[in-house]
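Observations on chain architecture
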Amino acid sequence: MTKTNPGRFFEDYAVGDVIKHAVPRTVAEGERALYHALYPARSALYSSDMFAQDCGLESSPLDDLIAFHVVFGKTVPDVSLNALANLGYAEGRWLAPVWPGDTLTSVSEVIGVKQNSNGKSGVVWVRTTGTNQMGTPVLEYVRWVMVRKRSDAAAPQTIIPDLKPAVAASDLVIPEGLDFSDYDFTLAGETHRLHDYNVGEIIDHVDGVTIEEAEHMIATRLWQNTAKVHFDGTNRPDGKRLIYGGHVISLARTLSFNGLANAQMIVGLNAGAHANPCFAGDTVRAWSEVLDLAETAAPGVGAIRLRLVATKGVAGVLRNDDGKYHPDVLLDLDYWALIPS
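Attention here is on the structure that accompanies the text. (Residues numbered from 1 in each chain as written. Predicted model: local features only at pLDDT ≥ 70, side-chain atom pairs only at ≥ 80, totals over all residues. Heavy atoms only, no water.)

**Digging into the packing of aromatic side chains**
Inspection of the entire model under this criterion finds ten aromatic pairs. Ring centres 5.4 Å apart and planes at 50 degrees place the aromatic pair Phe-68 and Tyr-141 in the tilted group. Of this pair, Phe-68 sits in helix H3 (residues 64-79) while Tyr-141 is found in strand S6 (residues 137-148), placing the two residues 73 residues apart along the sequence. A residue is classified by how much of its surface remains accessible, and Phe-68, at 2% relative accessible area, is buried. The interplanar angle of 65 degrees and the centroid separation of 4.8 Å between the aromatic rings of Tyr-183 and Phe-185 together place this pair among those described as edge-to-face. No difference in accessibility class separates Tyr-183 from Phe-185, as the two residues are buried. An aromatic cluster is built from Phe-68, Phe-72, Tyr-89, Trp-94, Tyr-141 and Tyr-244, whose rings are joined through pairwise contacts. (Phe/Tyr/Trp six-rings, centres within 6.5 Å; stacked < 30°, edge-to-face > 60°. Helix = DSSP H or I, 4+ residues; strand = E, 2+ residues; numbered from the N terminus. Buried < 20%, exposed > 50% of the residue type's maximum accessible area, 1.4 Å probe, protein only.)

Below you can see the structure in the form of structure tokens.
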């Protein structure tokens, strides 16, 4: 009997299954240092204890996407080890800051399954919750993946979850004590407030970064992401290792600093699609579209809803005339961030 984990295949999932993922992870300042080296992130609130304290927090929390990557990475051996593609995200909310020294665990519930027409794979929807050592939820989101079938087993009953098109601004969780009343725009790097942006505005973040194999491999190992398509070149017919989608998310988010330096904290994930595969050698650029603006109950704190697009092409181009993603587009991410109002 084999003692190794072959991963789950499509027929191993059933709606209602609750999967407690292995290997809790204690995160510390080392995660921040590596994250800022890989991308490099430079939002002031995640870079400076003093800046964070001036914004009402006890110190600088770990970057929002560090929390996402760690929680996501725990789920890979049980959810996407045999995935053909990670297809999308919805209903994501950051529920509490993650601090250096916190220990994160992940639990997922299967909420949907649908076999593909080819009979060789299917789509699985899971709702994942990350909690800290006190049992406090810090993050929740839904994602869906296309997973190989092991055999010719009969297709399960199709159940597709009814997901909200977006997280309502009123459902966003604002970190306790957050206050942008005395926000230092000079230290943050730009002067733009919430209402300096207009719905429909396109922001070209200008800069590009060419992805290297070494960076991608460090990132996937850092987040303990064991998906075979990221490590094993023999796992794909073209012999290429697929760049982890979260690496593209963080890279695009970092590039968006140029034009959105004051969009400090991601608090909602409305939708997301890895539109086309990304490989080492690709040069990634980013642009954003402003989708909505909202006030919050926290002093001086607004919320801005953004479409963040990572592309190998030009700003503003998303889809072809047939409605399909342009082949240059790598990521289409819809999220809420907190910004001075």
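**Quick look at the environment of Gln-264**
Structurally, Gln-264 is set in the loop between helix H8 (257-260) and strand S8 (265-273). Residue Gln-264 is classed as buried on the basis of its relative accessible area, which comes to 0%. Spatially, the C-alpha atoms of Gln-264 and Gly-233 are 37 Å apart, while their sequence positions differ by 31 residues. Those residues in contact with Gln-264 that lie beyond four places of it in its chain are Ser-43, Ala-44, Leu-45, Tyr-46, Phe-51, Asp-64, Phe-180, Tyr-183, Ala-188, Arg-253 and Leu-338. Among the polar contacts made by the side chain of Gln-264, one reaches the main-chain amide nitrogen of Leu-45 at a distance of 3.2 Å. (Contact = heavy atoms within 4.5 Å. Polar contact = N/O pair within 3.5 Å; in protein donor to acceptor, adjacent residues only side chain to side chain.)

**With respect to the pattern of salt bridges**
A full pass over the atoms with the stated rule returns eleven salt bridges. The partner of Arg-127 in a salt bridge is Glu-91, and the shortest N-O contact between them spans 3.0 Å. One end of the pair, Arg-127, is in strand S5 (residues 121-131); the other, Glu-91, is in strand S3 (residues 83-94), with 36 residues separating them in the sequence. Residue Glu-91 is classed as buried on the basis of its relative accessible area, which comes to 14%. One salt bridge connects Asp-238 with Arg-236, and the closest N-O pair in it is separated by 2.8 Å. Residues joined by salt bridges that share partners form a network here, namely Glu-11, Asp-12 and Arg-150. (Salt bridge = Lys/Arg side-chain N within 4 Å of Asp/Glu carboxyl O.)

**Quick notes on the nonpolar core**
Grouped together as the largest cluster of nonpolar side chains are 57 residues, with contacts concentrated most on Phe-68, Trp-94, Trp-223 and Ile-304. Sequence-distant contacts of Ile-304, defined by excluding residues within four places in its chain, comprise Leu-194, Tyr-197, Leu-260, Ala-263, Val-290, Asp-292, Leu-293, Tyr-335, Trp-336, Ala-337 and Ile-339. In terms of nonpolar packing, the next biggest core, distinct from the first, is built from 23 residues, Ala-44, Leu-45, Leu-57 and Val-167 among them. (Core = buried A, V, L, I, M, F, W, Y, C linked by side-chain atoms within 4.5 Å.)

**Quick word on the pairing of strand S10 (residues 301-311)**
Within S10, ten of the eleven residues are buried, which leaves it mostly tucked inside the rest of the structure. For strand S9 (residues 283-295) and S10, the ladder comprises ten bridges, and the chain directions are antiparallel. Considered in S10, the bridge of Ser-288 is made with Leu-308. In this antiparallel pair of consecutive strands, S9 and S10, the connection spans five residues, and Gly-300 shows a positive phi of 75 degrees. Two elements, S10 and strand S11 (residues 329-340), share eleven bridges in a ladder whose sense is antiparallel. The residue bridging Thr-311 from the neighbouring strand is Val-329, located in S11. (Pairing = 2+ DSSP bridges.)

**A short note on the side chain of Glu-190**
Mapped onto the fold, Glu-190 is located in the loop between helix H4 (185-188) and strand S7 (202-210). Reaching out from Glu-190, the side chain makes a polar contact with the backbone nitrogen of Ala-261 at a distance of 3.1 Å. Those residues in contact with Glu-190, other than ones at most four positions away along the chain, are Phe-185, Tyr-197, Phe-257, Asn-258, Gly-259, Leu-260, Ala-261 and Asn-262.

**A word on helix H1 (residues 29-38)**
All of the buried residues along H1 are Glu-31, Arg-32, Tyr-35, His-36 and Leu-38. Viewed along the axis of H1, the buried residues span an arc of 160 degrees, placing them on a single side of the element. In H1, the exposed positions that point more than 90 degrees away from the buried face belong to Ala-33 and Ala-37. (Arc of directions from axis to C-beta.)

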